[in-house]
Amino acid sequence: MATWQFRPINPNENSGTSTVDDNFANEERTSVEILVRETLQNPLDARNDDDVVEVKYNIVNVDRTDSEFLSTIFSEKALLHFESGKLIKDKSLPKIIPFLVIEDFGTSGLEGTFSDSSIDGHAENWNAFWFREGEGAKPTKSNGGAGQGKITLYAASEIRSLIALTRRHSDDKELLFGCCRFKQNYKILGESSRWAKEARWGAIENPDIQATPLEDKPLIAKLKLELNLSRGDRPGTSFLVPMPFGITLDNICKAVIDEFFFPIRRGRLKVTVGEKILDASTVSSAAKSLGPSARHTPAYRDFLEKLIETQLKITPTATALAGWNLTSKLANSSFTHENLESLRKSFENSELLSVDFPLKIRKKGCDPTLGKFRVILRQEQDSDSSEELFIRQDLSIDGEKRLKGSRRTQPVFALTFIDDMELSAFLTSAEEPTHRTWNASRPKVKALYDGTSQLLNAVRNAALRLVEFLTPAGRRDNTALALYFADPNSVQDKPKRGPDGKKTPLPPILPGEINIDIPAPKPKSIKFMSLVDGFSIATVPDEMQKKSLPLSVEIKTAYATTLGDPFKQWDAADFWLNDDKNFLIDSYSVENISRDGNVVRFEICSPDASFSLRGFDENRKVEVQINYREHEDAQDIEND
Amino acid sequence: MPKISKTTNPTGLKELPAKAFTVRLITPANGPRSFWLERFDHDLSGLPSGTEISCVAHAGNAEEFFQLGTIESPIYSANIIQKLPTDRPLKFRFLFCNPGEAKLSAFAENIRAANESDAVGESLIDIEPTDLHGPVWKLVLPQPVPDSDRPVLLVERHLFPTALAAANDMWFGALVMPEVMRQICRLIVENPGSLESDDTWLGNWSDFIETLGVHALQEDADHIARENWIDNIIVAFCAKASIRLQLNRIETELTGELL
């Protein structure tokens, strides 16, 4: 039987509010973006081997009056606690309860002991997720590690609750469990006892007994059906966030593209949002459809795509020699002679280039180990400023910016790519809880490593140092200041000035230099004349003598448009030529006139004929297309 | 089948050539693009004074509309483009109509920003990163005599390894360029008649000064009149969209608010 386990706290325990939420208050990122980061980062960590991780987001509405599991979540007792904890205003809930459903596939599920919360260890994901805060079970080399990210799932729910159905890779067990994290300890009206901020939803109601998950197969089957889960028998975890607020499938989709374009395009992650699939083959067009609201510019995304295809798995253009990081600038001695030449040539030609930078990592109490990372960049001469990204194991550390602030360098696109496990472990422990920036002074990294600042700065500044090193010495430029001092007389094809300031005239074209006979235009058989409210055409008798009459003529008309084909955009509401009261035809030696919407057809029967059509809006241009041909049995002289 | 395609023109709408316009565009790494009309050739247009100019920036199927004043005093300040996709070619359509009338009298279509097309204009001053051993910049002004080199702005290469790095820097643009303009002006007043001479590099500046809309300096101007003329040039120069834009960027960086 599914039930909530609410727990009164011991009189000696402190009470107050949770401060973990504050670590995720970030004015540069929306709550949806933070939720997406956390919910995609965790499955990427828990991937099985090199499988593509698949995550599905959906919003599903469940009828509260017709759901077995919802009746246990919103039991009378639960509603009393939710109201007392100020999660709901009163006990009147809507009939339809929406759920944000997040399902990951290709992952191992929440592994480890689930019946004893005291067990710790690297493989104890269950306890870490449900019973720990600020100390994840994940090894530090994985993307998480701070153990705080799960709060974003609770914060996404109006009732700060989360249900999870996990199917474990190791034992195929399906476990259903949930938790509510109140903002603070609370009291029930008329009672003196204080209640714990965490309440569990599972198989045990008695707060003195370890809360354990439900393994009730019929209940789990019903839940899967009601929430339309795609889980089936595949391992992984389905997170169910009741009553999500401020979350739509569209803003989830945008956040996924903005935050995880790189691993998706790289083929490491596949995300389905509602019906929309974002994978290696679709994410580029999906990002394009975001237009200017996308985080990365189209040019930078193109740079990322090119380097994914060509630069990640090849030998780099150069490898920095040991000791490159001992000085504040890169020098010729940082590379071999051959490497130097290829680097400079690639940079000058605005080609993609990559450099591997080796580093010694000094973990306390251990011998130094060697790690490395790769910087990939390309000069962008036409850009005003640089764009860059740091990717650590598929996660973008997008708060780190070094090139942007530098006014000294040539504009470039750069990626600092860290895939090395040892270096990733170091950087993870230096990350702020949001994983957007690094901080060499965080207690965790200082406790584990020596020389944290030097090591971190070496990674952070490598792209900047490389660009500064490769930027060629300045050259005299006669266009750069045109922004301020444009020469009004300087346009393309006009004489250019030399360094002396004098204009060098273009070489004159000498008589006889161009010896091309340009044929005279072919005489037309019909002359066109524009009228204020229409047009007229008249035959050219000399030309018409060569024709075999009658001449079939078809005239298409449409009001001119700024964009697109005016004839395709013609609408009967614009005008209707069949209206012979308003559209007047005047003709001479013309027969078989027929009107058809915006088309008029007739036959010219004599070499001296004319036709006029009036009645168009006098304020609008009319596009006129005249097609004519001789009688169908006759020879087409024009085309001979 | 022979075909003739024609367009009627009942209102006598005039199409102006692209060479009547110079449009500049700035695309910052973060934030919206800005454009401004840098030059409009009133004489070439043949349109009467008082004719109103407006501009439609368009990319793909999206458009954004801007009023640009009248042809005798167009608005040269920067306009922020906010609604257009960045992955489609950006073009400008200029529309002209008489005051108070809805009917268009002229238009120009498919105008591209000068720095986005291949026709990057030349500058009247060169720029070169070099070792200055202390100063950040130095303007080398050769005497305006026949066969002399034209001016070059030297910048400290450790700060600005490339010419573009200096030219696009907002602080450098806002602080240094007006002073460069002042030094040019001072040379002009020290060499009366130099603007009219085609034999020296200073003669190339006459059209530029004219675009600033400041009256020519009287030949008999005294010291005070000369200083006033220089100040007027600098004020007009700083009102150019290129300087104004840099000031806006600085203001945004300092206060988070636009001027």
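Residues numbered from 1 in each chain as written. Chains lettered and ligands numbered in written order. Predicted model: local features only at pLDDT ≥ 70, side-chain atom pairs only at ≥ 80, totals over all residues.

## Notes on the overall build of chain B
Stage number 1. Scanning chain B from N- to C-terminus turns up six helices and twelve strands.
Stage number 2. Partitioning the intrachain contacts of chain B with sequence separation of at least 6 by distance along the chain shows that 58% fall at a separation of at least 24. (Helix = DSSP H or I, 4+ residues; strand = E, 2+ residues; numbered from the N terminus. Contact = placed C-beta atoms within 7 Å.)

## A few points about the overall build of chain A
Stage number 1. Counting secondary structure elements, chain A contains 16 helices and 27 strands.
Stage number 2. Buried residues in chain A amount to 42% of all 640 residues.
Stage number 3. For chain A, the share of sequence-separated contacts (at least 6 apart) that also reach a separation of at least 24 residues comes to 67%. (Buried ≥ 20, exposed ≤ 12 C-beta atoms within 10 Å, placed from the backbone.)

## Focus: helix 11 (residues 421-429) of chain A
All names here are of chain A.
Stage number 1. The buried count for helix 11 comes to seven of nine residues, which makes it a mostly enclosed element.
Stage number 2. Inspection of helix 11 places Leu423, Ser424, Ala425, Phe426, Leu427, Thr428 and Ser429 among the buried residues, and these make up the whole buried set.
Stage number 3. Summarising the contacts, the buried residues of helix 11 are in contact with strand 13 (353-361), strand 14 (369-379), strand 15 (387-392), strand 17 (412-418), helix 12 (443-448) and helix 13 (452-470).

## Some points on the sheet that holds strand 7 (residues 79-81) of chain B
By definition, the strands of a sheet pair up through backbone hydrogen bonds, in either a parallel or an antiparallel sense.
Residues and elements named next belong to chain B.
Stage number 1. Spatially, the three strands line up as an open sheet ordered 3-4-7, and their pairing is antiparallel. Lying at the two open borders of the sheet, with one neighbouring strand each, are strand 3 (21-26) and strand 7. Ignoring strand direction, the axes of neighbouring strands in this sheet form an average angle of 30°.
Stage number 2. In the sheet, strand 3 pairs with strand 4 (residues 33-40) via six bridges, with the strands oriented antiparallel. Its bridge partner being in strand 4, Thr22 is matched across the sheet by Arg39. (Pairing = 2+ DSSP bridges. Axes fitted to C-alpha atoms, helices over the stretch in contact; angles between N-to-C directions.)

## Some words on the pairing of strand 9 (residues 104-111) of chain B
Residues and elements named next belong to chain B.
Stage number 1. Inspection of the sheet shows strand 2 (residues 14-15) paired to strand 9 by two bridges, in the parallel sense. Bridge pairing in strand 9 links Glu15 to Phe107.
Stage number 2. Summarising the sheet, strand 8 (residues 90-97) and strand 9 pair through five bridges and their orientation is antiparallel. By the bridge assignment for strand 9, Phe94 is matched with Ala108.

## Looking at helix 7 (residues 249-265) of chain A
All names here are of chain A.
Stage number 1. Its 17 residues place the ends of helix 7 only 20 Å apart at the C-alpha level, less than the 24 Å of an ideal helix rising 1.5 Å per residue.
Stage number 2. Bending of helix 7 peaks at approximately 70° at the position of Glu259, with proline Pro263 no more than four residues after it.
Stage number 3. With 14 of its 17 residues buried, helix 7 lies for the most part within the structure.
Stage number 4. One or two positions beyond helix 7, positive phi appears at Gly267, with a value near 85°. (Expected span 1.5 Å × (residues − 1). Bend = angle between axes of the 7 residues up to and from the residue.)

## Brief notes about the pairing of strand 9 (residues 236-242) of chain A
Sheet faces and side chains relate simply in a regular strand, where the side chains alternate between the two faces.
Residue and element names in this part refer to chain A.
Stage number 1. Along strand 9, seven of the seven residues are buried, which leaves the element largely enclosed by surrounding structure.
Stage number 2. The side-chain alternation of strand 9 yields two buried faces, one formed by Gly236, Ser238, Leu240 and Pro242 and the other by Thr237, Phe239 and Val241.
Stage number 3. As paired strands, strand 3 (residues 96-105) and strand 9 are joined by five bridges and run antiparallel to one another. When the bridges of strand 9 are listed, Leu100 appears paired with Val241.
Stage number 4. Bridging between strand 4 (residues 161-167) and strand 9 involves five bridges; their strand directions are antiparallel. The residue bridging Thr166 from the neighbouring strand is Thr237, located in strand 9.

## A word on the packing of helix 7 of chain A against helix 9 (residues 298-310) of chain A
Residue and element names in this part refer to chain A.
Stage number 1. Their axes nearest at 10 Å, the elements helix 7 and helix 9 cross at an angle of 25°. Taken together, the axes of helix 7 and helix 9 are roughly parallel relative to one another. For the element pair helix 7 and helix 9, the recorded crossing hand is right-handed. Listed contacts from helix 9 to Phe261, Phe262 and Arg265 of helix 7 are Arg301, Leu304, Glu305 and Ile308.
Stage number 2. Broken down by class, the residue content of the contact of helix 7 with helix 9 amounts to four nonpolar, no polar and three charged. (Parallel < 35°, antiparallel > 145°, perpendicular 65-115°, else oblique. Left-handed = near helix turned anticlockwise from the far one by under 90°. Nonpolar A, V, L, I, M, F, W, Y, C, P; charged D, E, K, R; others polar.)

## Quick look at the environment of Lys306 of chain A
Stage number 1. Mapped onto the secondary structure, Lys306 of chain A falls in helix 9.
Stage number 2. Taking the C-alpha atoms as reference points, Lys306 of chain A and Leu352 of chain A, 46 residues apart in sequence, are found 8.5 Å from one another.

## Some words on the environment of Ser334 of chain A
Residues and elements named next belong to chain A.
Stage number 1. Tracing the backbone shows Ser334 in the loop between strand 12 (318-319) and helix 10 (337-348).
Stage number 2. With 23 C-beta atoms counted inside 10 Å, the residue Ser334 sits in the buried group.
Stage number 3. Each C-alpha atom, one on Ser334 and one on Thr319, is 8.8 Å from the other, the two residues being 15 residues apart in sequence.
Stage number 4. The contacts of Ser334, once residues within four sequence positions are left out, are Ala320, Leu321 and Trp324.

## Considering the interface of chain B and chain A
Stage number 1. Contacts between the two partners involve 61 residues from chain B and, on the opposite side, 60 residues from chain A.
Stage number 2. Looking at the side of chain B that touches chain A, the elements with two or more residues in it are strand 1 (3-7), strand 4, strand 10 (126-130), strand 12 (152-156), helix 2 (163-167), helix 3 (170-190), helix 4 (206-211) and helix 6 (241-255) of chain B.
Stage number 3. Residues of the side of chain B that touches chain A, tallied by class, amount to 27 nonpolar, 17 polar and 17 charged.
Stage number 4. With five bridges connecting them, strand 27 (residues 622-630) of chain A and strand 1 of chain B associate as antiparallel partners. Within strand 1 of chain B, the residue paired with Val624 of chain A across the bridge is Lys6 of chain B.

## Comments concerning the packing of helix 3 of chain B against helix 5 (residues 223-238) of chain B
All names here are of chain B.
Stage number 1. At a minimum axis distance of 10 Å, the contact between helix 3 and helix 5 shows a crossing angle of 145°. In the crossing of helix 3 with helix 5, the sense of the turn from one axis to the other is right-handed. On helix 5, the residues that touch Pro178, Met181, Arg182, Cys185, Arg186 and Val189 of helix 3 are Arg226, Trp229, Ile230, Ile233, Ile234, Phe237 and Cys238.
Stage number 2. In terms of residue class, the contact of helix 3 with helix 5 is built from ten nonpolar, no polar and three charged.

## Brief notes about the confidence of the model for chain B
Stage number 1. Scored by pLDDT, chain B has a mean of 86; 94% of the residues are at 70 or more.
Stage number 2. Both confidence scores are given for the complex: pTM 0.60, ipTM 0.72. (pLDDT = per-residue confidence, 0-100.)

## Details of the nonpolar core
Stage number 1. Within the largest apolar cluster, 119 residues are counted, with the highest numbers of intra-cluster contacts made by Ile252, Val256, Ile257, Val375, Leu377, Ala463 and Leu466 of chain A.
Stage number 2. Apart from the residues within four sequence positions on either side, Ile257 of chain A is in contact with Leu278, Val283, Ala286, Ala287, Leu290 and Ala294 of chain A.
Stage number 3. By size, the runner-up hydrophobic cluster in this structure holds 37 residues, among which are Leu483 of chain A together with Ile125, Phe160 and Ile188 of chain B. (Core = buried A, V, L, I, M, F, W, Y, C linked by C-beta atoms within 7 Å.)

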